[in-house]
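Listed here are the chains, written in short residue letters.
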Amino acid sequence: MQLRYSFRVYPNGPQRSALARAFGCARMAFNDALRARETARAAGLPFIPSGELSKQLTAAKNTPERAWLGEVSAVVLQQSLRDLDTAYRNFFDGLKGKRPKMGPPRFKSRKDTRQAIRFTANARWKITPGGDLSLPKIGDVRVKWSRALPSVPSSVTVIKDSAGRYFASFVVETDPEILPETEPVTGLDLGLGHFAVLSDGRKIDAPKFLRRAEKKLKRAQQALSRKAKGSKNREKARHKVARNHARVADARREFHHQLSTELIRENQAIAVEDLAVKGLARTRLAKSVHDAGWSAFVTMLEYKAAKYGRNLIKIGRFEPTSQVCSHCGVKDGPKPLNIRVWQCQACGVWLDRDVNAAVNIATAAGLAVSACRARVSRGPVPAQREEAGTHRDGQTTVVGIPPFRAGSGSQSASLKPSWLRVKPSLV
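Parameters and conventions
- Residues numbered from 1 in each chain as written.
- Predicted model: local features only at pLDDT ≥ 70, side-chain atom pairs only at ≥ 80, totals over all residues.
- Heavy atoms only, no water.
- Phe/Tyr/Trp six-rings, centres within 6.5 Å; stacked < 30°, edge-to-face > 60°.
- Helix = DSSP H or I, 4+ residues; strand = E, 2+ residues; numbered from the N terminus.
- Buried < 20%, exposed > 50% of the residue type's maximum accessible area, 1.4 Å probe, protein only.
- Polar contact = N/O pair within 3.5 Å; in protein donor to acceptor, adjacent residues only side chain to side chain.
- Salt bridge = Lys/Arg side-chain N within 4 Å of Asp/Glu carboxyl O.

Enumeration according to the criterion identifies eleven aromatic pairs in this entry. Plain terms: the ring middles of Phe-47 and Tyr-88 are 5.3 Å apart, the flat faces sit at 80 degrees to each other, and that makes the pair edge-to-face. Of the two residues, Phe-47 is situated in the loop between helix H1 (13–42) and helix H2 (50–61) and Tyr-88 in helix H3 (residues 74–96); the sequence distance between them amounts to 41 residues. Residue classification places Phe-47 among the partly exposed positions, given a relative accessible area of 46%. Here the aromatic rings of Phe-47 and Phe-92 are separated by 6.2 Å at their centres, their planes lie at 70 degrees, and the arrangement is edge-to-face. In this pair, Phe-47 is assigned in the loop between H1 and H2 and Phe-92 in helix H3, connecting sequence segments 45 residues apart. On the basis of relative accessibility, which here comes to 35%, the residue Phe-92 falls in the partly exposed class.

Quick look at the structure:
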């Protein structure tokens, strides 16, 4: 299986200039090829293949207008054409229904805050004995190695992010590291109040990194808005805002990595719900949904499960996990979000909403988990009509007994929803 390993790199002044030149040349090669294809499409001509675009690029380097393209590695320019082919392929696959729809390729701008170039094996890049990354026509760049690569990488992508940091991302072919089999299995209910609730009753608090950094981000954004457009001070303020956002993203990513690794090591199988994150991100909960980062977390669970020989099972998003009693299996109907503890109308068991949902997620995935911890406390079972007693002290409704309708001579045929009943003290 292929994995990416990313490391921070620290180019010096001349190397940063060389990287900026490489970013610009790769961007220009991409835009020229895209413009050629769009012009052909507007004229009603056939789609220009990649081989023809490569020939046009080689011819352009011999012209005075594009002679500066020869100052960078030819592999970087060819990889830009490969990126354009990938963008078109994804666009066409989206139209055919093979993948989610996405827009057509767009022209890249020098004002884009993220820039990247890729070197493949034929570019003759290498890792020096001293631990530096030697790149053609750029030099030996210092790398901060946080761990060793498991095998020889096939390619490296040099990235400059919006905060001005440089990273080297290596693509490595590695074998799965199968962990010893273990007995526990778990269901995982992702939420906002708690980031995750496990079927064994464990609750993981949501760190809310963005919410905690909002005050500092607000001040930095206000300082940016006061700077004149196009000025050096505005660029410095923009970098400060980007660095603050980068710290939040890094902290969230670290939390996701630690939690996903812990869950993968402790459980043989994990069941999660296929959440409609895009839909939830269009609601009033958008900021909290983005702050949680559910999609990135589930993606980490997926590749770590494949790497370590675990099972990750996704259930449909329309499973009524919050409506079914995990103790007796009776569907009790939908409930408002403010109802966090409810009583089953059939068996009288009081259930924690999130833990009950986690147990139902595991059950829907075919995992045999114990639902004992989903129970909060045993409540009174609804009495049969022939067993209903008299009311005392002016009380009009008794827990578990249908209300009496004046003038009807009989009790109501419908029971109150279980989550509207008086709740006993929890134990």
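Turning next to the side chain of Lys-335. Structurally, Lys-335 can be placed in the loop between strand S12 (311–315) and strand S13 (341–343). Among the polar contacts made by the side chain of Lys-335, one reaches the main-chain carbonyl oxygen of Gly-333 at a distance of 2.5 Å.

Our next topic: the pattern of salt bridges. One pass over the structure, following the stated rule, counts 21 salt bridges. Here Asp-352 makes a salt bridge to Lys-203, at a shortest N to O gap of 2.9 Å. Separated by 149 residues along the polypeptide, Asp-352 in strand S14 (residues 349–352) and Lys-203 in strand S10 (residues 203–205) bring together distant segments of the chain. A residue is classified by how much of its surface remains accessible, and Asp-352, at 14% relative accessible area, is buried. Several salt bridges share partner residues, and in doing so they unite Asp-161, Arg-165, Asp-250 and Arg-253 into one network.

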